[in-house]
Amino acid sequence: CRARRHNEVSWNARYMYNDDQGEVAGAGVHVAGDAGATQLQVTAGVGAELYWIDADESNEDASALGLGGWVRAVPPEYNRLSFELRGHYAPKVLSFQDADGYYGVEARAGYDILRQAHAYVGYRRMRVSFEDVSGETLDSGFHVGLKMAF
């Protein structure tokens, strides 16, 4: 008989500004829990994030409901260190205003400064497709960040 694992709902909000490409604001909700790994502490979440996009290059506005999730691994001998992968995709049917689609992917390595403060460095790629334009990369490159839990 397998024990039932505890799951929880996780909420997040994000904001990204790029001088050349514009800005993206988002909020999401995921069902998160233990992913069942035996050698690492692995948690995962699946859900959705709603994005508002102001693209400077094409002068278009968009919003999208991206479906996807994340997985986070913590080595047992270094419990303050973590590695995380995130991804969300919005097809045309979940893209609004001028958008035809959206995707965002991210890889991070981080360190827990405190229980509720996590600093990280990562690589992110965010791209939106528009009706009149083939697509625009909103962000592609390395970044640093701080994640706080309340």
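Above this note sits the structure.
What counts as what
- Residues numbered from 1 in each chain as written.
- Predicted model: local features only at pLDDT ≥ 70, side-chain atom pairs only at ≥ 80, totals over all residues.
- Heavy atoms only, no water.
- Helix = DSSP H or I, 4+ residues; strand = E, 2+ residues; numbered from the N terminus.
- Buried < 20%, exposed > 50% of the residue type's maximum accessible area, 1.4 Å probe, protein only.
- Contact = heavy atoms within 4.5 Å.
- Pairing = 2+ DSSP bridges.
- Salt bridge = Lys/Arg side-chain N within 4 Å of Asp/Glu carboxyl O.
- Patch = residues over 30% accessible without salt bridge, like charges linked within 9 Å, V, L, I, M, F, W, Y side chains within 5 Å.
- Areas by Shrake-Rupley, 256 points an atom, 1.4 Å probe, with all protein chains shown as cover.
- 1 Å grid on protein atoms, 1.4 Å probe; cavity = no way out; pocket = protein on both sides within 12 Å on 5 of 7 lines; lining within 4 Å.
- Points joined across faces, edges and corners; volume = space filled by probe spheres on them.
- Nonpolar A, V, L, I, M, F, W, Y, C, P; charged D, E, K, R; others polar.

Side note on unusual backbone geometry
With a phi angle near 60°, Gln-97 is a residue other than glycine that sits in the positive phi range. Take Gln-97: it is sitting in strand 6 (residues 95-97). Look at Gln-97 and you get partly exposed, because its relative accessible area is 47%.

Quick look at the environment of Trp-52
With respect to the helices, strands and loops of the structure, Trp-52 is situated in strand 3 (residues 41-55). On the basis of relative accessibility, which here comes to 38%, the residue Trp-52 falls in the partly exposed class. Separated by twelve residues in sequence, Trp-52 and Ala-64 have C-alpha atoms that sit 6.8 Å apart. Non-local contacts of Trp-52, meaning those with residues more than four positions away in its chain, are made with Glu-23, Val-24, Ala-25, Ala-62 and Ser-63.

Some words on the pairing of strand 5 (residues 81-90)
Burial of the side chains of strand 5 is restricted to one face: Ser-82, Glu-84, Arg-86, His-88 and Ala-90 are buried, whereas none of Leu-81, Phe-83, Leu-85, Gly-87 and Tyr-89 on the reverse face is. Direction of pairing for strand 4 (residues 60-74) relative to strand 5: antiparallel, over a ladder of seven bridges. Opposite Val-71, over in strand 5, you have Leu-85 as the bridge partner. What sits between the antiparallel neighbours strand 4 and strand 5 is a turn of six residues.

Overview of the pattern of salt bridges
Taken as a whole and assessed by the stated rule, the structure comprises nine salt bridges. Glu-106 is the partner of Arg-14 in a salt bridge, and the nearest nitrogen-oxygen pair spans 3.6 Å. Of this pair, Arg-14 sits in strand 1 (residues 7-18) while Glu-106 is found in strand 7 (residues 99-114), placing the two residues 92 residues apart along the sequence. A residue is classified by how much of its surface remains accessible, and Glu-106, at 7% relative accessible area, is buried. In this structure, the salt-bridge partner of Lys-92 is Asp-100, at a minimum N-O distance of 3.9 Å. Residue Lys-92 is classed as exposed on the basis of its relative accessible area, which comes to 56%. Taken together, the shared-partner salt bridges in this structure form one network comprising Arg-14, Glu-49, Glu-84, Arg-86, Glu-106, Arg-108 and Lys-147.

Describing a nonpolar patch on the surface
Residues Tyr-111, Ile-113, Leu-114, Leu-146, Met-148 and Phe-150 make up a contiguous nonpolar surface patch of about 740 Å² in total accessible area. Taken together, the elements giving at least two residues each to the nonpolar patch come down to strand 7 and strand 9 (136-148). Here the nonpolar patch takes three residues from strand 7, the largest share from any one element. Structurally, Ile-113 can be placed in strand 7.

Here's the deal with empty space enclosed by the protein
Enumeration according to the criterion identifies one cavity of 30 Å³ or more in this entry. Estimates place the volume of the largest cavity at around 90 Å³. In terms of lining, the largest cavity is formed by 13 residues, of which the most central are Arg-14, Tyr-51, Gly-104, Val-105 and Glu-106. Residue assignment for the lining of the largest cavity shows that the elements contributing at least two residues are strand 3, strand 5, strand 7 and strand 8 (117-130). Top element by residues in the lining of the largest cavity is strand 7. It accounts for four residues. Of the residues assigned to the lining of the largest cavity, the class counts are four nonpolar, three polar and six charged.

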